[in-house]
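Survey of secondary and tertiary structure
One-letter residues, chain by chain:
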Amino acid sequence: MKLQLHGIEKSFGALKVCRDISLGVNKGEMVCLIGASGSGKSTLLRCINLLEPIDDGKILLDGVEISDPDLDPQPIRQRIGLVFQSYNLFPHMTVLDNVMLAPRLIHKTSQAELRDQAEALFVRFGLTDRIGHFPDQLSGGQQQRVAIIRALAMKPEIMLFDEVTSALDPELVGEVLDVVRQLKSEGMTMVLATHEMGFAREAADKVCFLEKGMILEEGPPEKIFAAPREARTQEFLRRVL
Amino acid sequence: MNHTSTAALAVMLAALCANAGLAQDVCATGKTITAGSLTVATGNPAYFPWVIDNDPSSGKGFEAAVAYEIATRMGFAAEKVIWTATSFDQAIQPGAKEFDLNLQQYSISAERDQTVDFSAPYYTAAPAVVVRQPVVDAGATATASSLKGLKWGAAAGTTALALIDALIGPESEVMLYDDTADVTEAMKANQIDATLVDLPTALYLAAAVLDDGVVLGQFPSDATGGLDQFGAVFADGNPLRDCVNEAISAMVSDGTLAKIETEWLEGATGVPMIQ
Amino acid sequence: MQTSAAKNSAGAAIGAAPPGKSRRQERERRLRRRSVIVATISTFVVLLLLVVLIPMAPGWEKVQKAFFNGPILIKVFPELLQAFLVDLMIFAWSAPIIALWGLAIALCRDARGPALFPLRLFAILYNDVFRGVPVILVVYLVGFGIPGLGLPRPWNSPYLWGTVALVLSYSAYVAEVYRAGIESIHESQRSAAKSLGLSHAHTMRYVILPQAIRRVIPANMNNFISLQKDVALLSFIGPVEILRQAGVQKSLLANFTPYLAASIIFLAVTIPATRFADHLIARQNKERS
C-alpha cells in the first residue's frame, strides 16, 4: 500500500478535528474525501503533508512511518505534493520561477536541466505560453494549474489536493479537473478533498465521507453515491447533489 | 541670595565707589528695560573664572565683578542689578532683548556688529593651546610647525575656529563641538589633540577639567587681528552702550579694571609664547 | 480615490450611451473645474495675506535681517553645500548597513523554536532600548564613550563611532518595519513553501523576505528620510557637517540666515524623497485594492 493512516487524532486546542482516522491508499489509486466544510478534510491532508503535527496515530508512506516527530519533515514533504484551495503561488516570481524554485534549491541538478524539466511540465499541461507571466496576470484556473505543476516539479510520489476548485469561477473548474484526470491516467496516487461530487463519482477509486473529523463511510463511488449506508451520508448527498 | 555675601559685596562695592568718587551718572536713566534696575545676562551655565560657581550675583569671578563695577558707575546699587542667563542665540535673536547688557566672553567682530552692538573691550584674551600630557609626551611643542601637525578641535559657537585657521593652519580637518565640555570629552577620547581657548579658560581646563591637561603655549595678543577682545553685547542701537563705554573707559583709566583682572585672572605666568 | 471610483462606475453605467459627454460627465467636469478655481483663489489669497501682512509687523525688518538675509545667504551657501557632502557621505555608508543590520534584527525577532529564544530576547531588548533612547544620547555615549576606553587612532574616529550610533538607533526602527512586513505576508505563503519541502531559511530567503521587503519600502523610505536629517547629530561629536557649519556661520555673523540656507539644502533632498515615498505608497494601495 502506498499510503496508510492509522488512528489519526488531531485537535486545535479543545476542538477535535480528526478522530481515529484510518485509511489506506493503493499505488495509482485516487481517493476522494467528501463532507461538509469543517469536517476535517483539509486538516487531514495538511497532516499527511506534515504541515500539521498529529496528536496520535501513524502515517506510513510505502510502509515506513513518516509521522515520527524525530524525523526531518523536509525530505518527506518533497515526496508528497500538496495543492491548496487558494493556489498560494509566490506573487513576486514568474510562473516558471514558481515551478523551478524548490527543485533549484533542493535538487542539485544543473539550471539548464531543471529548466528543461519545468518546461516539459508546462508542455504536458498546455501552459507553455504563460511561463514568463506573473501569477496575477493569469486566470484562477491557470494559476491553479501552475500550482499543480509546481508541486509536480518536485516529482512527488503522491499528490494531495485540498479543494482545488472551490475558489474558481464555475467555467474554470473544468480545466483544473482535466489536469487531475490526466494525472490519474498517468498513474499518480492521489487524495482529494473535494466538493465536486460529479467528478468524485466519475473519477475516484474510493470515496470517504467525513463528518466531525471521522470517516463515517467509505467505499467505491458507485456504492457511496447510489446506495449510502449511513443516514448522515444520505442527508449530505441529498443536500449537495 | 546669600545675606553674608550680599553684605560683603556691599562693603566691597562701597570701597570701590569711594575710589571712583561715587559717580552719580544719570546717563543710564530711562535706558534700561526695567526702570531703575540693570539687567545683566551671562552664560548658561557661566564658567570659571568668569563667574564663580555659576552664581554671578555673588560678584565673584571676573565678569561678575566687572558687571557690578559698571553698574555702580552708572548709578545702580548692587541690589538693583538683575541677573539673567542667555544662550548666544538668545543674545542675537531679533526683537526685544531680555537684558540690558550681556557679558559672556563675546569676541568683538565686525560681522557680529552688523546684528548686535558691542561695548568697548573689557578684556583682551591671549589665545592659548590646551593639550593633554600624552600629546606632550608624543613630542608636541609650542612651535608653529609642531602645532600644525596636531588634530584640532574647538567649540563651534566661538571665534576659536577662525583663530585656529589664522594662527595655526592645521593639516587635518578641525573638529567642532557644542561647547567646551564636549571639546574636553573628545580630548579624553583621544579624538583630538589640542584646542584653542582664551588663556583664563585654558588655565581652568588644564587645572580643573582635564586630569592631565597642559597649557602648551599662548599666542601674543597682537597676532589675533582683534578677535581676542571681549565686549559686552547690546541690542542693536541700544543707547545704553554709550553709558557703559563711559564706565569702562573710566575703569581703564583709573586702573580698576586691571585690579579686577589681577584679582580673578591671575596665575598665567609661565605659559610660553608661541612664535 | 473616491471621485475616480465614482467616475468609473458612471462610465460603466453609461457604457451603452452614444459617444460624447453624458450629462453626468458634464456635471462632474464642471464640479472639477469649479474646485480647481476655488483652490487657486484660496491659495492666492492666503499667500497674499502672508506676503502683505507679515512685513507690516513692526519687527519684520529685524526678523528679515536676522533670518532672511540675502547677502548672507549667498555668502554662506557654497560653504554649506560643501559641508552637506559630509552628510551625504555619512548617509551613504550608514543607510546600507542600517538596512542589513535592521533586517538581521528583524530575523532574530522572528526566530522560531525554543533553542533560538536567546536571539529573540536579544532582538526584543535591542528594539525596546534603541527605540526608547534618544539618538543624541546614543551618539554621545558611543561617539565619546567607546573611544574613551582607550582605542588608538584611527579606530577612535568620531565618523566610525558616530556611524555605529546611527546604525544602532536606526536599525531598531527599520527592524520593526521589516517585522511588520514579514508578519503581513499571509501564512499560506509559508505553507506553500513548506509543502514543497523548503527549509525555514529558504522559505524566508526566497518566499517571505522578497515580498515583505518590497511591501515596506515606503515605510522604510520615511525612516531613511529622517536618518538623512539625523546624520546632523554626528556634529555633536566633531564632524563639521552642514548644520554645524551653519552654526559656525551663525555665531561668526551673529545671524540665523545660515540655518535657512541649510534648510533649503535639506529640503532640496527631503521633499523629492518624501514625494517619492508617497508615490510608492499610493501605488501600493492601488495595487492592493
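Here the structure is a predicted model, which means the values were calculated and not measured.

A count of helices and strands for chain B gives eleven helices and twelve strands. Burial status across chain B gives 52% buried among its 275 residues. On chain B, roughly 11,300 Å² of surface is accessible, and the fraction owed to carbon and sulfur atoms is 53%.

We now examine the state of the cysteines. Residue and element names in this part refer to chain A. One pass over the full model with this rule turns up one disulfide over all chains. Here Cys18 stays unpaired: no disulfide links it, and the sulfur of Cys47, its closest cysteine neighbor, is 5.1 Å away. For Cys18, a relative accessible area of 0% gives the class buried. Cys32 supplies the cysteine sulfur nearest to Cys208, a cysteine that is in no disulfide, at a spacing of 9.0 Å. Taking relative accessible area as the criterion, Cys208 reaches 0% and is therefore assigned buried.

What follows covers the interface of chain A and chain C. Each partner contributes residues to the interface: chain A has 23 residues there, and chain C has 18 residues. Summed over both sides, the interface between chain A and chain C buries roughly 1,700 Å², with carbon and sulfur atoms accounting for 64% of that surface. A per-residue breakdown of the area chain A buries against chain C is headed by A:Phe90, A:His92 and A:Leu105, which together make up 31% of the total. Counting every contact that joins chain A to chain C gives zero salt bridges. Viewed at the interface, chain C and chain A are joined by five residue pairs in polar contact (both at pLDDT 80 or more). Within the residue set of the side of chain A that touches chain C, elements represented by two or more residues are helix H2 (73–77), strand S6 (80–83), helix H3 (95–106) and helix H5 (140–152) of chain A. Sort the elements by how many residues they give to the side of chain A that touches chain C and H3(A) lands first, with five residues. Here the residues of the side of chain A that touches chain C sort into 14 nonpolar, five polar and four charged.

Bringing the arrangement of the chains into the picture now. Here two pairs of chains make contact, and the pair sharing the most contacts is chains B and C. Contact between chain A and chain B is absent, and the minimum C-alpha spacing across the pair is 48 Å.

Interface extent is often summarised as the accessible area lost during association of the parts. Taken together, the contacts link 31 residues of chain C with 33 residues of chain B. Summed over both partners, the interface of chain C with chain B comes to about 2,500 Å²; 55% of that surface belongs to carbon and sulfur atoms. Counting across the interface, chain C meets chain B through three salt bridges. Of the charged contacts, one joins C:Lys65 and B:Asp236 as a salt bridge, the two residues approaching to 3.6 Å between their closest N and O atoms. At the junction of chain C and chain B, the tally comes to 13 residue pairs in polar contact (both at pLDDT 80 or more). The biggest single contributor to the side of chain C that touches chain B is helix H11 (residues 242–253) of chain C, with six residues.

Right, let's talk about the confidence of the model for chain B for a bit. All names here are of chain B. On average, residues of chain B carry a pLDDT of 85, and 89% of them reach 70 or more. Note that pLDDT drops below 50 for residues 17–24; the model gives that stretch six contacts with residues more than four away or on any other chain. As a predicted assembly, this complex carries a pTM of 0.79 together with an ipTM value of 0.91.

Once that is clear, we can look at the pattern of salt bridges. The final tally for this structure, using the stated rule, is 34 salt bridges over all chains. Within this structure, C:Arg109, C:Arg131, C:Glu176, C:Arg179 and C:Glu183 form a network of salt bridges that share partners.

So, on to the side chain of B:Asn102. All names here are of chain B. Mapped onto the elements, Asn102 comes out in strand S3 (residues 101–102). Within the structure, the side chain of Asn102 is placed 2.8 Å from the side chain of Thr86, a separation counted as a polar contact. Ignoring anything within four residues of it in the chain, the contact list for Asn102 reads Ala41, Thr42, Thr86, Ala91, Gly231, Ala232 and Val233.

Residue and element names in this part refer to chain A. Strand order in the open sheet made by the four strands is S2-S1-S4-S5, with antiparallel pairing throughout. In this open sheet, the two edge strands, each paired with only one partner strand, are strand S2 (15–25) and strand S5 (64–65). Pairing analysis gives two bridges linking strand S4 (residues 56–61) to S5, with the strands arranged antiparallel. What sits directly across from Leu60, in S5, is Glu65. The sheet strands contacting helix H1 (residues 41–48) are strand S1 (3–12), S2 and S4, and the helix crosses S1 at an angle near 115°.

Cut-offs and rules
Residues numbered from 1 in each chain as written. Chains lettered and ligands numbered in written order. Predicted model: local features only at pLDDT ≥ 70, side-chain atom pairs only at ≥ 80, totals over all residues. Heavy atoms only, no water. Helix = DSSP H or I, 4+ residues; strand = E, 2+ residues; numbered from the N terminus. Buried < 20%, exposed > 50% of the residue type's maximum accessible area, 1.4 Å probe, protein only. Areas by Shrake-Rupley, 256 points an atom, 1.4 Å probe, with all protein chains shown as cover. Disulfide = S-S within 2.5 Å. Contact = heavy atoms within 4.5 Å. Buried area = accessible area lost by both parts, 1.4 Å probe. Salt bridge = Lys/Arg side-chain N within 4 Å of Asp/Glu carboxyl O. Polar contact = N/O pair within 3.5 Å; in protein donor to acceptor, adjacent residues only side chain to side chain. Nonpolar A, V, L, I, M, F, W, Y, C, P; charged D, E, K, R; others polar. pLDDT = per-residue confidence, 0-100. Pairing = 2+ DSSP bridges. Axes fitted to C-alpha atoms, helices over the stretch in contact; angles between N-to-C directions.

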